[in-house]
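Here is how the chains run, residue by residue.
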Amino acid sequence: MKKIILLGPPGAGKGTQAAKIKEEFGLPHISTGDIFRANIKARTPLGILALRYIDKGRLVPDEVTIEIVRDAIRNLDSFMLDGFPRTLAQAEALESISDVDAVVNIHVDSAKLMKRLTGRRVCASCKATYHVDMLDGGDACECGGELIHRDDDKPETVEKRLAVYEAQTRPLIEFYTARGKLINIDGDAPVERVFADIAAALRQLS
Ligand code: AP5
Ligand code: MG
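What counts and how
Residues numbered from 1 in each chain as written. Chains lettered and ligands numbered in written order. Predicted model: local features only at pLDDT ≥ 70, side-chain atom pairs only at ≥ 80, totals over all residues. Heavy atoms only, no water. Near = heavy atom within 4 Å. Polar contact = N/O pair within 3.5 Å; in protein donor to acceptor, adjacent residues only side chain to side chain. Areas by Shrake-Rupley, 256 points an atom, 1.4 Å probe, with all protein chains shown as cover. Helix = DSSP H or I, 4+ residues; strand = E, 2+ residues; numbered from the N terminus. Nonpolar A, V, L, I, M, F, W, Y, C, P; charged D, E, K, R; others polar. Phe/Tyr/Trp six-rings, centres within 6.5 Å; stacked < 30°, edge-to-face > 60°. Lys NZ or Arg CZ within 6 Å of the ring centre and 35° of its normal. Patch = residues over 30% accessible without salt bridge, like charges linked within 9 Å, V, L, I, M, F, W, Y side chains within 5 Å. Salt bridge = Lys/Arg side-chain N within 4 Å of Asp/Glu carboxyl O. Lys, Arg positive; Asp, Glu negative; His and termini not counted. Charge placed at Lys NZ, Arg CZ, Asp CG, Glu CD. Contact = heavy atoms within 4.5 Å. Pairing = 2+ DSSP bridges. Axes fitted to C-alpha atoms, helices over the stretch in contact; angles between N-to-C directions. Buried < 20%, exposed > 50% of the residue type's maximum accessible area, 1.4 Å probe, protein only. Arc of directions from axis to C-beta.

Asks: Even after reading the chapter, I still don't get the site of ligand 1, so can you show me in this structure?
Replies: Lining the immediate surroundings of ligand 1 are 35 residues, of which T16, R58, R120, R161 and A189 lie closest. T32 places a side-chain nitrogen or oxygen 2.7 Å from a nitrogen atom of ligand 1. The separation between a nitrogen atom of ligand 1 and a polar main-chain atom of A189 is 2.7 Å. Across the complex, the protein chains shield 94% of the 1000 Å² of accessible surface that ligand 1 would expose by itself. With 4 residues, the top contributor of residues to the shell around ligand 1 is helix α2 (residues 32-41). Along the lines of polarity and charge, the residues of the shell around ligand 1 split into 14 nonpolar, 12 polar and 9 charged.

Spelled out as structure tokens, the structure:
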């Protein structure tokens, strides 16, 4: 049983790797971004609130996000958090909710992230992630679902998200290093290479 966090800037490949880790290790995947987007689509009160922040590339308030994760992991003895925590207040709150075994920090140079995000396409049905460079002109997912361009992947919103990462999320690298939990992974390599490195590190956890 493992409890892990995927840390990294927007576009580092957290969602891409989460799908592979889920398949290999069977860890439940909890993405706060996916939870917000599902609520936006269903026009719930949470979705209406979250949209005000996500559209501007800002973070949804800590108190809202922490309660969502508290609920999501309440009955789980293993999990993989993707996109949470991303502030020190969230990381401190998580410590009082659950222990984590490891924090996988996926590193990619910020210069490459803009291209990854503005070219990203996501399946509206199964959530598989692609980049236009991989699609070869195709416009449908392997499952047949429609590929969409996330609204927050516009260049001006990506810039804001990257700045928010630097200011509010990067400090978590030090937070988890101090606790002996950080595993650094080079995310600037082919998807399968990145996954092999993550899988090898996770197999070493007891
Ligand atoms: P969220 O959905 O979590 O977005 P994010 O953290 O900005 O990360 P992304 O999903 O954009 O990137 P990713 O690392 O998953 O990369 P991916 O695998 O898709 O959050 C969205 C918003 O919700 C936030 O801005 C905030 O407003 C709100 N929110 C969420 N959590 C919150 C929280 N805890 N607190 C407050 N607010 C919160 O890959 C990206 C692209 O790169 C794809 O095209 C992919 O094909 C490509 N790619 C992936 N790996 C590789 C590789 N190895 N080589 C080349 N290309 C690659
Ligand atoms: Mg993601």
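Asks: Looking at this structure, I do not really get the packing of aromatic side chains. What am I missing?
Replies: Any pair of aromatic rings gets described here by the distance separating the centres and the angle formed by the planes. Counted by the stated rule, this structure contains 1 aromatic pair. Aromatic side chains F175 and Y176 sit 4.9 Å apart centroid to centroid with 85 degrees between the ring planes, which places their arrangement in the edge-to-face category. The lysine or arginine in question, K20, covers the ring of F195, its NZ or CZ lying 5.7 Å from the ring centre. R179 extends its terminal NZ or CZ atom over the ring of F175, reaching a point 3.7 Å from the ring centre.

Asks: Explanation requested: the environment of A201 in the structure shown.
Replies: In this structure, A201 sits in helix α10 (residues 191-203). Between the alpha carbons of A201 and S98 there is a distance of 21 Å; along the sequence they are 103 residues apart.

Asks: In this structure, what is going on with a positive patch on the surface? I would like to understand it.
Replies: On the surface, a cluster of positive charge is made up of R52, K56, R58 and K160. Within the secondary structure, R58 sits in the loop between α3 (45-54) and α4 (62-73).

Asks: What is the right way to read the pattern of salt bridges from this model?
Replies: Pairing between side chains becomes possible if they bear opposite charge and their charged atoms approach one another. Counted under the stated rule, the structure contains 14 salt bridges. Put simply, E192 and K20 hold a salt bridge, and the shortest N to O gap is 2.9 Å. Residue E192 is located in helix α10, and its partner K20 is located in helix α1 (residues 14-25); the two are separated by 172 residues in the primary sequence. Because the salt bridges share partners, they merge into one network encompassing R120, R150, D152, D153 and R161.

Asks: Sorry if this is basic, but what is going on with unusual backbone geometry here?
Replies: Trans is the common state for peptide bonds, and a negative phi is the common state for residues other than glycine. Of note, the amide linkage connecting F84 to P85 takes the cis form, showing an omega dihedral of -5 degrees. Note on placement: P85 falls in the loop between β3 (79-82) and α5 (88-97). In this model, R43 sits at a positive phi of 55 degrees, which is unusual for a non-glycine residue. Take R43: it is sitting in the loop between α2 and α3.

Asks: Please clarify how the side chain of T169 should be interpreted in this entry.
Replies: Its place among the elements puts T169 in helix α8 (residues 155-169). A polar contact of 2.7 Å, which involves the side chain of T169, links it to the backbone oxygen of R86. In contact with T169, other than residues within four places in its own chain, are L7, R86 and V164.

Asks: What is the right way to look at the sheet that holds strand β1 (residues 3-7) in this model?
Replies: One key point about sheets: their strands pair by backbone hydrogen bonds, in either a parallel or an antiparallel sense. Judged by pairing direction, the sheet is parallel, and its 5 strands sit side by side in the order β2-β3-β1-β4-β8 without closing on themselves. Only two strands of the sheet have a single neighbouring strand rather than two, namely β2 (29-31) and β8 (182-186). For this sheet, the mean angle separating the axes of adjacent strands, direction not counted, is 20 degrees. As paired strands, strand β4 (residues 102-107) and β8 are joined by 5 bridges and run parallel to one another. The residue bridging V103 from the neighbouring strand is L182, located in β8.

Asks: I keep staring at α5 and nothing clicks. Help me out?
Replies: An α-helical segment advances 3.6 residues per turn. Residues three or four places apart therefore align on the same side. Of all the residues in α5, the buried ones are Q90, A91, A93 and L94. Down the axis, α5 shows its buried residues gathered within 165 degrees of arc, on one side only. For α5, the secondary structure elements touched by its buried residues are β1, α4, β3 and α9 (171-178).

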